[in-house]
Amino acid sequence: MAEHRNGNAKPSDGKASGAASPYAINLDNFTKRLKTLYSHWKEHSSDLWGSSDALAIATPPASDDLRYLKSSALNIWLLGYEFPETIMVFMKKQIHFLCSQKKASLLEVVRKSAKEAVGVEVVMHVKAKSDDGTGLMDAIFRAVRANSSSHDTPVVGHIGREAPEGKLLEMWTEKLKNADFQLSDITNGFSDLFAMKDSTELTNVKKAAFLTSSVMKHFVVPKLEKVIDEEKKVSHSSLMDDTEKAILEPARVKVKLKAENVDICYPPIFQSGGEFDLRPSASSNDENLYYDSTSVIICAIGSRYNSYCSNVARTFLIDANAMQSKAYEVLLKAHEAAIGALKPGNKVSAAYQAALAVVEKDAPELVSNLTKSAGTGIGLEFRESGLNLNAKNDRVLKPGMVFNVSLGFQNLQTDTNNPKTQKFSVLLADSVIVGEKGPEVVTSISSKAVKDVAYSFNEDDDEEEEERPKVKPEANGGEAVSSKATLRSDNQEMSKEELRRQHQAELARQKNEETARRLAGGGSGAGDNRGAVKATGDLIAYKNVNDLPPPKELMIQVDQKNEAILLPIYGSMVPFHVATVKSVSSQQDTNRTCYIRIIFNVPGTPFSPHDSNSMKFQGSIYLKEVSFRSKDPRHISEVVQQIKTLRRQVASRESERAERATLVTQEKLQLAGTRFKPIRLSDLWIRPSFGGRGRKLTGSLESHTNGFRYSTSRPDERVDIMYGNIKHAFFQPAEKEMITLLHFHLHNHIMVGNKKTKDVQFFVEVMDVVQTLGGGKRSAYDPDEIEEEQRERDRKNKINMDFQNFVNRVNDLWGQPQFKGLDLEFDQPLRELGFHGVPHKASAFIVPTSSCLVELIETPFLVITLSEIEIVNLERVGLGQKNFDMTIVFKDFKRDVLRIDSIPSTSLDGIKEWLDTTDLKYYESRLNLNWRPILKTITEDPEKFIEDGGWEFLNLEVSDSDSENSQESDQGYEPSDVQSDTGSEEEADDSESLVESEDDDEEDSDGDSEEEQGKTWEELEREASNADREKGDESDSEEERKRRKMKAFGKARVPEKRSTRGSLPKRPKLR
């Protein structure tokens, strides 16, 4: 599409005029295709080649613009490269080339092949830089006349539609017109010649199509889903730029094609918001992507491999109405019909007629909106002339032809209240090869099925939409979004707390909508992988009896090599694999007799692992334990020690093997060449440290082509960290800490020594952690003490500066185009926003960064990605509390919540402000909540959760106000196993708040009369019991049991389970 940016099909670097060494013409292809050219010319001389005596093709100078020219296509088809500013003249017995010296030296190799293939002589006309070429052109004209079969006026075929560019071609065109020749346009001859592709060309088309459809499936669709899901404002032009980068870097979509062989066919096209253009010359504008209800998004992308084109276009429907759904379904059926008609022997027009027949039958009212063509031929040119899939083309389809089947409805109207969705278009395009047996869709991995392109985010019915017409803000800024509600008059400033409360209310609405969409699509299932059993391999000590070691004596033996224990049983040595041993112990009685007791792992016993071996031999009889008596205590102690050591070694090895089995395979590190010295940082320690008992050594960190390498002087102590595996990178200089560090949080685990980890840290101690004590108390004015402190400060500043220089150079490296897609940059913690807390077992200083919440000093490290957080609940918040807790709930409900305990209450306001500025929704509660059952209930019945207000059940202010005004407001948040009795007035009156606490009782007592304030505890207790008797309530009533059950559940109201009578919401994502 975007034919206005017609492109030169380019060789590897875009031109062939450089030195000959990087280029080599494929002589086999040249020979085969030269024969094809001459035989086609001979066979179709009159009808396609204009009875030409000579074919003159002039290739213009190289250009950075995308353009498709027949002359360039012939260069690439015949020679494999484009030869700019080169004139080729084909005659019956000669081929003339007019070009520069470098190109002539490259073309010399075709002389012999041309002679052997079709018996023609190759004549070179080398043009000097100072020469205008007129003399050489005259020589070619004389050769044309001499080789012409026409005695009067020779007929010279040329490509009439290509305007001359550059001085050489302008001179050639002028002389050709003024010469005594009859000119004939041979464009149709080349169109027919290029129409049927050979196997090499079809392979290039398939590779280009695979790249195109992979970018659509693995980049464009996830990108759109993320933008829509997170309600981002992204322009069509920025989506175009990002998609173009994905095409030009195939590794980003895991396509193994060399980037230098890849190019775009046209700038990717993104259209939405009522402005659609289905013509090939369309372009992406600077408007934001529009994805509100009943909106339509059209995406079209094309890529080239070795100059061969492919194309794919898809239409995505957002909460489509009946009209839009019908239009797409009819288009899909018509598109399939057009593809199905592309069979050898059919006419080209059959494709469009098949599509038209479907539309006339299923939706006759849409016939006038159908595009006038079903696509074009595609190959070296994006639009091959003569192969237009319209209703009038009578050419016959042949195997090897390739088509871009592009069909759409344009300028459709639908009844909506939004002007941006009233007008819409739909478009589908695929690259199709005509095979011997039928059509082959080579872009099929990008699905166009309705279920995969129709998103459904809005599950509210129309009545609700009419009641709340402005609930959803304009997503792309097309219309002004109403600002936050102002609670005071304009001349009064709002307090910071009120502004924060308003922003949090807006965030709550957005968060509930986002969670509803994700849950409706099954984004977080209720599955739980806790307690997964680690499987072990088959336990085989000896493959056959002959492998058993010869028995020395009937004594217990430990075979270290085969990891077996040989036990004497009934006069024979019976082997047991050491992994079957559960425990071994020995004891000695008063008669110096020793006993050894060996207990084996047996299925069915408590705490026994159910591995694959026990499941495999379920019907077998197992030996549970054996005991032996010995008079040799030394031998018994040696055996026990050997068995324990061997068990420990085998268990360690199996554990490491199981961990390595789950590792994701990493790409190999490409070391920086000798010309580019790697960026290096020396004398670093690593955490986690390498195993082994030797002395720990410092190492150096080097930045190479595609990753970091850390190595010490020991050859086995090496760690490679690929840039593509880095999720977050942090640089934390030493200020109040003892170390300066670089920390990498990874996407996938790697092995450091024998430890599996996602966090790798490199650090330097800026001062001695241990101080030597002694010599008495030193004076604060001691010159030696002052000098030592100054040295420490200088050392710390130097280390921080070395790290900063390393970070700056790596950031510059990551800023290069090949790393743009990784979005990497070293993040630095914001100390002024930090707070103390207990994320694991020890208190630590936790610091936010621009994208994370981290603690990088104490182990285990804490790295929380802010974009993965669903909500934050601040617990144990109340008057008189010195500390509170922070609970982080992740978007993936399968993950356990993360708790940071014992945060000082003085940090509460700062944390609220930070959470609000980072657009994280937070709630407050008086007591800790039991989150596992809460998340389980939400995932088991997401519809109920969404209907009951989503996360607003955590909002204490809303819960309290609702409980005063409505008797039913809180009943939806009782635990799922508590049966509500709607007929009970006591229950309605005693509707519990989110978290039970004594504060409720205190608030109730505030309304009591002043005469009760002087009563003693005994009097109050007596009155309370009398009141209970008058009501007839038992002390252990059903209501009291419910209260106790609620407390045992975790003192939180959880959305109750609902029967599965309702159907699940429509799936909001397309895959």
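The coordinates are above.
Cut-off values and rules
Residues numbered from 1 in each chain as written. Predicted model: local features only at pLDDT ≥ 70, side-chain atom pairs only at ≥ 80, totals over all residues. Heavy atoms only, no water. Helix = DSSP H or I, 4+ residues; strand = E, 2+ residues; numbered from the N terminus. Buried < 20%, exposed > 50% of the residue type's maximum accessible area, 1.4 Å probe, protein only. Contact = heavy atoms within 4.5 Å. Areas by Shrake-Rupley, 256 points an atom, 1.4 Å probe, with all protein chains shown as cover. Axes fitted to C-alpha atoms, helices over the stretch in contact; angles between N-to-C directions. Parallel < 35°, antiparallel > 145°, perpendicular 65-115°, else oblique. Nonpolar A, V, L, I, M, F, W, Y, C, P; charged D, E, K, R; others polar. Salt bridge = Lys/Arg side-chain N within 4 Å of Asp/Glu carboxyl O. Polar contact = N/O pair within 3.5 Å; in protein donor to acceptor, adjacent residues only side chain to side chain. Left-handed = near helix turned anticlockwise from the far one by under 90°. Phe/Tyr/Trp six-rings, centres within 6.5 Å; stacked < 30°, edge-to-face > 60°. Lys NZ or Arg CZ within 6 Å of the ring centre and 35° of its normal. Pairing = 2+ DSSP bridges. Expected span 1.5 Å × (residues − 1). Core = buried A, V, L, I, M, F, W, Y, C linked by side-chain atoms within 4.5 Å.

### Quick word on the overall build of the chain
Point 1. Assigned secondary structure in the chain consists of 26 helices and 37 strands.
Point 2. Across the 1071 residues that make up the chain, the buried fraction comes to 47%.
Point 3. Looking at the chain alone, contacts between residues at least 24 apart form 68% of all its contacts between residues at least 6 apart.
Point 4. With the model as given, the accessible surface of the chain reaches about 55,600 Å², and the carbon-plus-sulfur share is 48%.

### Side note on the packing of helix 1 (residues 27–43) against helix 2 (residues 70–79)
Point 1. The geometry of helix 1 relative to helix 2 is characterised by a closest axis approach of 8 Å and an angle of 125° between their N-to-C directions. It follows from the interaxial angle that helix 1 and helix 2 lie oblique. On helix 2, the residues touching Phe 30, Arg 33, Leu 34, Thr 36 and Leu 37 of helix 1 are Ile 76, Trp 77, Leu 78 and Leu 79.
Point 2. Looking at side-chain class alone, the contact of helix 1 with helix 2 contains seven nonpolar, one polar and one charged residues.

### Looking at the pattern of salt bridges
Side chains that carry opposite charge are capable of pairing whenever their charged atoms lie near each other.
Point 1. Under the counting rule described, the total for this entry stands at 43 salt bridges.
Point 2. Between Glu 440 and Lys 206 there is a salt bridge, and its shortest N-O distance comes to 3.8 Å. Taken together, the residues span a long stretch of sequence, with Glu 440 in strand 14 (residues 439–441) and Lys 206 in helix 8 (residues 199–229) at a distance of 234 residues.
Point 3. For Glu 440, a relative accessible area of 37% corresponds to the partly exposed category.
Point 4. Linking Asp 263 and Arg 304 is a salt bridge whose minimum nitrogen-to-oxygen distance equals 3.2 Å. With Asp 263 in strand 7 (residues 262–264) and Arg 304 in strand 9 (residues 295–305), the pair connects residues that are 41 residues apart, well separated along the chain.

### Some thoughts on the side chain of Arg 67
Point 1. When you line up the elements, Arg 67 lands in the loop between strand 1 (54–59) and helix 2.
Point 2. A polar side-chain atom of Arg 67 sits 2.7 Å from the main-chain carbonyl oxygen of Pro 61.
Point 3. Among the polar contacts made by the side chain of Arg 67, one reaches the side chain of Glu 165 at a distance of 2.8 Å.

### Notes on the packing of helix 1 against helix 7 (residues 187–195)
Two packed helices can be described by the angle between their axes and the distance between those axes.
Point 1. The contact between helix 1 and helix 7 brings their axes to 11 Å, and the two run at 130°. What the angle tells us is that helix 1 and helix 7 run oblique. In this structure, helix 1 crosses over helix 7, and the sense of that crossing is right-handed. Touching Thr 36, Leu 37 and His 40 of helix 1 are Gly 189, Phe 190, Asp 192 and Leu 193, all from helix 7.
Point 2. When its residues are assigned to classes, the contact of helix 1 with helix 7 shows three nonpolar, three polar and one charged.

### Details of the packing of aromatic side chains
Point 1. For the coordinates displayed, the defined rule picks out 24 aromatic pairs.
Point 2. Summarising the aromatic geometry, the rings of Trp 49 and Phe 190 are spaced 5.0 Å apart at their centres and angled 85° between planes, so their arrangement reads as edge-to-face. Of this pair, Trp 49 sits in the loop between helix 1 and strand 1 while Phe 190 sits in helix 7, placing them 141 residues apart in sequence.
Point 3. Residue Trp 49 is classed as buried on the basis of its relative accessible area, which comes to 0%.
Point 4. Both rings, one in Phe 708 and one in Phe 744, keep their centres 5.0 Å apart while their planes meet at 35°; by these two values the pair is tilted. Of this pair, Phe 708 sits in strand 24 (residues 707–711) while Phe 744 sits in strand 27 (residues 739–752), and the two are 36 residues apart along the sequence. This pair shows no difference in class: Phe 708 is buried, exactly as Phe 744 is.
Point 5. Here the aromatic cluster, defined as three or more aromatic residues joined through ring pairs, consists of Phe 690, Phe 708, Tyr 710, Tyr 723, Phe 744, Phe 762, Phe 806, Trp 814, Phe 819 and Phe 826.
Point 6. Between Lys 92 and the ring centre of Trp 41, over which it is positioned, the NZ or CZ distance is 4.0 Å.

### Considering the sheet that holds strand 2 (residues 86–91)
Point 1. The strand order across the open sheet built from six strands is 4-3-2-1-5-6, with neighbouring strands paired in mixed fashion. At either end of the open sheet lies a strand with only one pairing partner, and these are strand 4 (121–126) and strand 6 (182–185). Strand-to-strand twist in this sheet, taken as the mean axis angle between neighbours without regard to direction, amounts to 20°.
Point 2. Inspection of the sheet shows strand 1 paired to strand 5 (residues 155–158) by two bridges, in the parallel sense. Its bridge partner lying in strand 5, Leu 55 is registered against Gly 157.
Point 3. Along the sheet, helix 1 makes contact with strand 1, strand 2 and strand 3 (94–99), crossing strand 2 at roughly 55°.
Point 4. Each of strand 1, strand 2, strand 3, strand 5 and strand 6 is contacted by helix 6 (residues 166–178), which is oriented at about 155° to strand 1, the strand it contacts most.

### Brief notes about helix 11 (residues 349–362)
Point 1. Between its terminal C-alpha atoms helix 11 stretches 20 Å, which fits the 20 Å expected from 14 residues at 1.5 Å a residue.
Point 2. Burial in helix 11 covers these residues: Ser 349, Ala 350, Ala 351, Tyr 352, Ala 355, Val 358 and Val 359.
Point 3. Those residues of helix 11 that are buried lie in contact with helix 10 (322–340) and strand 12 (402–413).

### Here's the deal with the nonpolar core
Point 1. Core analysis: the biggest nonpolar cluster contains 129 residues, and Phe 90 and Phe 190 have the highest contact counts within it.
Point 2. Each residue touching Phe 190, except ones within four places of it in the same chain, is listed here: Leu 37, Trp 49, Ile 57, Lys 70, Leu 74 and Ile 159.

### Remarks on the pairing of strand 34 (residues 869–875)
Point 1. The buried fraction of strand 34 amounts to seven of the seven residues, a majority that puts the element mostly inside the structure.
Point 2. Bridge count between strand 34 and strand 35 (residues 883–890): six bridges; the pairing is antiparallel. Bridging across to strand 35, Ile 871 finds its partner in Val 889.
Point 3. Bridge count for strand 34 against strand 37 (residues 922–924) is three bridges, and the pairing is parallel. Opposite Val 872, over in strand 37, you have Tyr 922 as the bridge partner.

### Observations concerning unusual backbone geometry
Point 1. Here the amide bond leading from Arg 687 into Pro 688 is cis, since omega sits at 0°, within 30 degrees of zero.
Point 2. With omega at -5°, the peptide bond leading from Thr 859 into Pro 860 counts as cis.
Point 3. Here Pro 860 shows up in the loop between strand 32 (852–855) and strand 33 (862–865).
Point 4. Even without being a glycine, Glu 231 presents a positive backbone phi close to 55°.
Point 5. With respect to the secondary-structure elements, Glu 231 resides in the loop between helix 8 and helix 9 (236–248).
Point 6. Backbone geometry at Glu 563 places phi at a positive 55°, although glycine is not the residue there.
Point 7. Tracing the sequence through the fold places Glu 563 in the loop between strand 16 (557–559) and strand 17 (564–569).

### Re the sheet that holds strand 20 (residues 594–600)
Point 1. With respect to topology, three strands assemble into an open sheet ordered 19-20-21, the strand pairing being antiparallel. The open sheet is flanked by strand 19 (581–588) and strand 21 (625–630), the only strands paired with a single partner. Direction aside, the axes of adjacent strands within the sheet are offset by 15° on average.
Point 2. Strand direction decides the pairing type here: strand 19 and strand 20, joined by seven bridges, are antiparallel. Looking at the pairing, Ser 585 lines up with Arg 597 of strand 20.

### Re the environment of Trp 951
Point 1. Residue placement: Trp 951 occurs in the loop between helix 21 (942–947) and helix 22 (956–965).
Point 2. It is 9.3 Å that separates the C-alpha atoms of Trp 951 and Arg 509, two residues lying 442 residues apart in sequence.
Point 3. Not counting the four nearest positions on each side in its chain, Trp 951 is found in contact with Lys 511, Asn 512, Thr 515, Glu 870, Ile 871, Val 889, Phe 893, Tyr 923, Trp 931, Leu 935, Ile 938 and Phe 945.

### Quick word on the environment of Tyr 595
Point 1. Relative to the helices and strands, Tyr 595 is located in strand 20.
Point 2. For Tyr 595, a relative accessible area of 33% corresponds to the partly exposed category.
Point 3. Expressed as a C-alpha distance, the spacing of Tyr 595 and Phe 628, which sit 33 residues apart in the sequence, is 5.6 Å.
Point 4. Ignoring anything within four residues of it in the chain, the contact list for Tyr 595 reads Ser 585, Ser 586, Gln 587, Asp 589, Phe 628, Arg 629 and Ile 636.

### Looking at the environment of Asn 404
Point 1. Along the chain, Asn 404 turns up in strand 12.
Point 2. Distance from Asn 404 to Val 312, taken between C-alpha atoms, is 8.0 Å for residues 92 residues apart in sequence.
Point 3. A polar side-chain atom of Asn 404 sits 3.1 Å from a polar atom in the side chain of Asn 311.

### Focus: helix 9
Point 1. In a regular helix each residue adds 1.5 Å, so 13 residues correspond to 18 Å; helix 9 covers 18 Å between its end C-alpha atoms and thus fits that length.
Point 2. Taken as a whole, helix 9 has its buried residues at His 236, Ser 237, Leu 239, Met 240, Thr 243, Ala 246 and Ile 247.
Point 3. For helix 9, the elements touching its buried residues are helix 8, strand 7, strand 8 (269–271) and strand 9.

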